[in-house]
Amino acid sequence: MSKCGCCNKTIVSDLINNGMSGHECIDVCINPQCGEPQFLNVLAPVVYDQLGINICRTFDLPETVPTTFPTAVYASAEVIDITFLDTGTTSVTVEPITSRPNCYEITLTNLSVTFAIKFYDCCKRLLGTIEVSDIVYLPPLATDEGYDEDTNPSSLVINLFAPYGVVYTAGDVASPTINVIGFSTTNSSLNQGLNLMAIPKVIALDIIEGEISVGLTLIVNSIYYTHYQLPHNGKSIISKGSTSQTEDSLCLDFVNGNLLDRNIKPLEVCDPFSQKQNCQTSDIGSCFNFNEND
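Not measured: the values here are computed from a predicted model. (Residues numbered from 1 in each chain as written. Predicted model: local features only at pLDDT ≥ 70, side-chain atom pairs only at ≥ 80, totals over all residues. Heavy atoms only, no water.)

Peer 1: In this structure, what is going on with the sheet that holds strand E6 (residues 126-137)? I would like to understand it.
Peer 2: Within a sheet, each strand pairs with its neighbour through backbone hydrogen bonds, oriented either parallel or antiparallel. Strand order in the open sheet formed by three strands is E2-E5-E6, and the pairing between neighbours is antiparallel. For this open sheet the edge positions go to strand E2 (74-84) and E6, each flanked by a neighbour on one side alone. Between one strand and the next, the sheet's axes are offset by a mean angle of 20 degrees, whatever the strand orientation. As paired strands, E2 and strand E5 (residues 111-120) are joined by 10 bridges and run antiparallel to one another. (Pairing = 2+ DSSP bridges. Helix = DSSP H or I, 4+ residues; strand = E, 2+ residues; numbered from the N terminus. Axes fitted to C-alpha atoms, helices over the stretch in contact; angles between N-to-C directions.)

Structure (C-alpha cells):
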C-alpha cells in the first residue's frame, strides 16, 4: 500500500521526452544531438517602449588641455557614466501614473556625466584621450552653470509604457531605479525594467579657450527578457588570425587549423537519422564508432 507523498514526481523537458525532432528512438541523454536544430530557442531582451530627447551644453575643459594638445582641431566623446545627483529636492524619479497602471512618469534632472574625450589633429590623428567628469546636464536651477531653457533645461518629464514593472533598490519598493548603460566595467550591461543610455556628439571645440560643446541624445527604454523561437542559417563564421611558425609539428597543425567550436559532438557522433527507428533493435553504440571487440 502506497503512502501519500512517499515519492517525488520526475518532470522531464520536451526534448528528453520526445527525442530529437520527434524521433522518439533517439534518446538525447545517452546519444547527443548531431547536426543543427531548425530553430533556436533564445531568451532575448525586448524593447517594449522607448523615447529619446536631445540636450546640449558647453563646458570648460581641464586647464592642461590647451597646452597638452595645442594642435587639436577635432574631438570625439564617449559617455562613460551618468550619476543621478540628489540635492534633496531635485533628483531622478520614477512614479506610476495614477489610473494608468502600465505606464510610468520619469523625471530626469541633475545628471552628472563622465566623458572620455579624444583629441585629433588636422589630419585626424589621435593625440590623446582624457576623462572629464562632473559635467551636469539638466541642472536643477536656472542659475546653475550650463542651464539653458531651450538646450539644457532643468528637467525632462517622460511617460513610458512599462507593463511588467520596474526594478527596485535592494527590495525597497518605494525606490524604483533606472539602470544606466555606459562604457565602464560596472555599467556596460542592461537590466530588465527602465534603462537610460546617452549618445554624445561634439558640436564645437575651441582648443584656445579650452571649451567644448557636447550634445547628448538621452534614450530611455523599458526592456524585458522574453523567450523566442527563431529560424537560423547556421552558426556564424569567426575570422581567424595566424601566427608565423617555421617548424612543422602537431601543435603547428593545430595552430594553423580551424577554430574550435562547441557543436554538441563530444564523441564525434554520427548522424542520428541514420539509426534504426526501432528502439528495441537500434544499436546505439554503433553511433559512437565503438569497436565491438572493445
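Alright, that's what it looks like, and here's the rest.
Peer 1: How should I be thinking about unusual backbone geometry in this particular structure?
Peer 2: Negative phi characterises most residues that are not glycine, and trans characterises most peptide bonds. We note that Asn110 has phi near 55 degrees; this positive angle belongs to a residue other than glycine. Position of Asn110 relative to the elements: it lies in the loop between strand E4 (100-108) and E5. Judged by relative accessible area, Asn110 falls into the buried class, the value being 4%. Residues other than glycine seldom take positive phi values, yet Leu138 does so here, at roughly 55 degrees. When you line up the elements, Leu138 lands in the loop between E6 and strand E7 (156-161). Leu138 gets classed as buried once you look at its relative accessible area, which sits at 0%. (Buried < 20%, exposed > 50% of the residue type's maximum accessible area, 1.4 Å probe, protein only.)

Peer 1: Would you mind going over the side chain of Thr107 with me for this structure?
Peer 2: Structurally, Thr107 is set in strand E4. Every residue in contact with Thr107, bar those within four places of it in the chain, is listed here: Ser91, Val92, Thr93, Ser155, Leu156 and Val157. (Contact = heavy atoms within 4.5 Å.)

Peer 1: Sorry if this is basic, but what is going on with the pattern of salt bridges here?
Peer 2: Should their charged atoms come close, side chains of opposite charge can pair. By the definition in use, this model includes three salt bridges. One salt bridge in this structure joins Glu145 and Arg57, with 3.9 Å as the shortest N-O distance. Within this pair, whereas Glu145 is found in the loop between E6 and E7, its partner Arg57 is found in strand E1 (residues 39-60), the two being separated by 88 residues in sequence. (Salt bridge = Lys/Arg side-chain N within 4 Å of Asp/Glu carboxyl O.)

Peer 1: Is there a simple way to explain the packing of aromatic side chains in this structure?
Peer 2: Between two aromatic rings, the relevant description is the distance of the centres plus the angle of the planes. Summed over all chains, the structure comprises six aromatic pairs. Seen in terms of ring centroids, Tyr48 and Tyr164 are 5.6 Å apart; in terms of plane orientation they differ by 85 degrees. Their pairing is edge-to-face. Of the two residues, Tyr48 is situated in strand E1 and Tyr164 in the loop between E7 and strand E8 (167-169); the sequence distance between them amounts to 116 residues. For Tyr48, a relative accessible area of 29% puts it in the partly exposed group. Through pairs of rings, three or more aromatic residues link up here, namely Tyr48, Tyr164 and Tyr224. Stacked on the ring of Tyr74, the Lys or Arg Lys124 has its end atom at 5.3 Å from the ring centre. (Phe/Tyr/Trp six-rings, centres within 6.5 Å; stacked < 30°, edge-to-face > 60°. Lys NZ or Arg CZ within 6 Å of the ring centre and 35° of its normal.)

Peer 1: For this particular structure, what's the right way to read the environment of Ile223?
Peer 2: Its place among the elements puts Ile223 in strand E12 (residues 211-231). Here the alpha-carbon distance between Ile223 and Pro45, two residues 178 residues apart in the chain, equals 6.1 Å. Sequence-distant contacts of Ile223, defined by excluding residues within four places in its chain, comprise Pro45, Val46, Val47, Leu190, Asn191, Gln192, Gly193 and Asn195.

None of the figures reported here should be taken as evidence of function without further support.
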